[in-house]
Amino acid sequence: MTLEAMCSELGLSKIPESFGTIYEKIKNTYEPYATLILSDEYITKTLSDCFALSSFTQEIRAAAAEARKNAAMRLLICIMAEWIRHGAEDIADYEAPCGEGVSFDFLHLFPMIPTMPDTVAHLRARNVPEDIIIATMQEYDYCVDLLLRNTGRPAFDKGRLNWMRRVAKNEMIRIGRFKYDLPAKRVSGIRAYKNESGDVFVLADGVDVHHSGKVLGSAGCEDTTGSFRAEIEETEDKIIGYPIVDGLITNKKCELEKSEWSLCLSEDDNVVFVHIPPRESFDVAAMESSYAHAREIFAKHYSDRPYSAFFCRSWLMSRDLRKVLKPTSNILAFQDKYIHYPCLCNGTQVFINVFPGIAVSEDYTALPEETSLQRNVKTLYINGGHILNDCGFFF
């Protein structure tokens, strides 16, 4: 089968250029590989050995049986398996095929299954504890279950494939309450300074600021009246810039003495990104246990990946949540561990998480009110408010 015929049969309107290179490499040899990775025996053994998707094995095998009958799908799965093996960095150039049925529901899982043994082997080679390996691999279960809750059927779509590239590339692990990306450069728009007493002072840098103190261009922050540019200046003995207080950029410059303050965090530093699994408790003890265990794991098993801080960017970090949550909420307790600063945000993440599976328009009055959070968020938006992602860090 040609690449053109595959795209035509599956309704693929856009594929990465790399698919052409991969096709030329595998066009004469892919069929035996497709037979292998879509076989019941391979799927059952791999999922079992890798602690993944035990609750969905039957559905996945049924989907594989349908995929085996589809020549175009067999070719696409093999191309994608090779593509993922090399990182799939051009995933933005890929649009998922059009189709219905179980084979399309799990199409994007099949090229991920061959990566699972390598992920487990990598974690074991680093002597990562077995319970963390199991928890990390069960992120696949979370992905399928998420779509089951949102759509009414188990599936693994392009969005889940993109998310699970983190695990396939050995860049994310689950430790207790949270998931953690391995250290990488994530900080932008600020520099943080620390004095000998351990006090931390944060200045905005290279950011256009709305008069509210949030980032200009964010949802609800489009008006340029009163906006300004925040940049850090330095003299021989001073650092001059706009400070960030309680997560907002102030419009009055301050000066820090270089003799008293030293740079402790900037865009040049690696940080550990904290992901927050939804629908789980914000029990303070569980959160602190996860952070403490993460420090141990990174120190012992990833000493070659140094980092400067823990970092998070999420709607759950939004200080605007104080308008809709009780002061005693453990979500606010979660936030309080971090030093906050604003970031550019379109404001959609809150809808994806608070109103899952619901298409949201600007008619906020149509939103459901099945929980107190939904009711309060709905009211906030009807009254012109927004819940924007914030960033934050702690050392």
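Reading the values: the criteria
- Residues numbered from 1 in each chain as written.
- Predicted model: local features only at pLDDT ≥ 70, side-chain atom pairs only at ≥ 80, totals over all residues.
- Heavy atoms only, no water.
- Pairing = 2+ DSSP bridges.
- Helix = DSSP H or I, 4+ residues; strand = E, 2+ residues; numbered from the N terminus.
- Axes fitted to C-alpha atoms, helices over the stretch in contact; angles between N-to-C directions.
- Parallel < 35°, antiparallel > 145°, perpendicular 65-115°, else oblique.
- Left-handed = near helix turned anticlockwise from the far one by under 90°.
- Contact = heavy atoms within 4.5 Å.
- Nonpolar A, V, L, I, M, F, W, Y, C, P; charged D, E, K, R; others polar.
- 1 Å grid on protein atoms, 1.4 Å probe; cavity = no way out; pocket = protein on both sides within 12 Å on 5 of 7 lines; lining within 4 Å.
- Points joined across faces, edges and corners; volume = space filled by probe spheres on them.
- Buried < 20%, exposed > 50% of the residue type's maximum accessible area, 1.4 Å probe, protein only.
- Arc of directions from axis to C-beta.

Chemist: Now, about the sheet that holds strand 15 (residues 390–394): what can you tell me, with residues and values included?
Modeler: Taken in spatial order, the six strands of this open sheet run 1-2-12-13-15-14, and their pairing is mixed. With one partner strand each, in any of the chains shown, strand 1 (172–175) and strand 14 (339–342) form the two edges of the open sheet. In this sheet, neighbouring strand axes are inclined to one another by 30° on average, regardless of whether the strands run parallel or antiparallel. Pairing analysis gives five bridges linking strand 13 (residues 309–314) to strand 15, with the strands arranged antiparallel. Its bridge partner lying in strand 15, phenylalanine 310 is registered against phenylalanine 394.

Chemist: Which residues make up the packing of helix 10 (residues 139–151) against helix 11 (residues 158–168), and what values do they have?
Modeler: Two elements in contact, helix 10 and helix 11, have axes whose closest approach is 11 Å; the angle formed by their N-to-C orientations is 160°. Here helix 10 lies roughly antiparallel to helix 11, going by the angle between them. As helix 10 runs across helix 11, the sense of the crossing is right-handed. Touching Glu139, Tyr140, Cys143, Leu146 and Leu147 of helix 10 are Arg160, Trp163 and Met164, all from helix 11. Looking at the contact of helix 10 with helix 11 residue by residue, the class counts come to six nonpolar, no polar and two charged.

Chemist: Give me the lowdown on empty space enclosed by the protein, citing residues and values where you can.
Modeler: Overall, the coordinates contain one cavity of 30 Å³ or more when judged by the stated rule. Taken as a whole, the largest cavity holds about 30 Å³ of empty space. Where the lining of the largest cavity is concerned, the elements lending two or more residues are helix 8 (116–125) and strand 1. Of the residues contributing to the lining of the largest cavity, the split by class is six nonpolar, three polar and one charged.

Chemist: Please give an account of the environment of tyrosine 381 that cites residues and values.
Modeler: On the secondary structure map, tyrosine 381 appears in helix 15 (residues 372–382). Considered as a pair, tyrosine 381 and alanine 359 are 22 residues apart in the sequence and their alpha carbons are 15 Å apart. Contacts of tyrosine 381, omitting those with residues within four sequence positions, involve Gly347, Val350, Phe351, Tyr364, His386 and Ile387.

Chemist: Go over helix 9 (residues 130–137) with me, naming the residues and quoting the values.
Modeler: Residues lying three or four places apart along an α-helix face the same way, a consequence of the helix completing one turn every 3.6 residues. Residues of helix 9 that are buried: Ile132, Ile133, Thr136 and Met137. One face of helix 9 carries all of its buried residues, which in axial projection span an arc of 130°. Residues of helix 9 that are buried sit in contact with helix 8, helix 10, helix 11, strand 1 and helix 12 (284–301).

Chemist: Tell me about the side chain of serine 103, and name the residues and values.
Modeler: Relative to the assigned elements, serine 103 resides in helix 7 (residues 102–105). Its relative accessible area of 10% is what places serine 103 among the buried residues. When neighbours within four sequence positions are excluded, serine 103 is seen to be in contact with Ala63, Glu66, Ala67, Met73 and Phe110.

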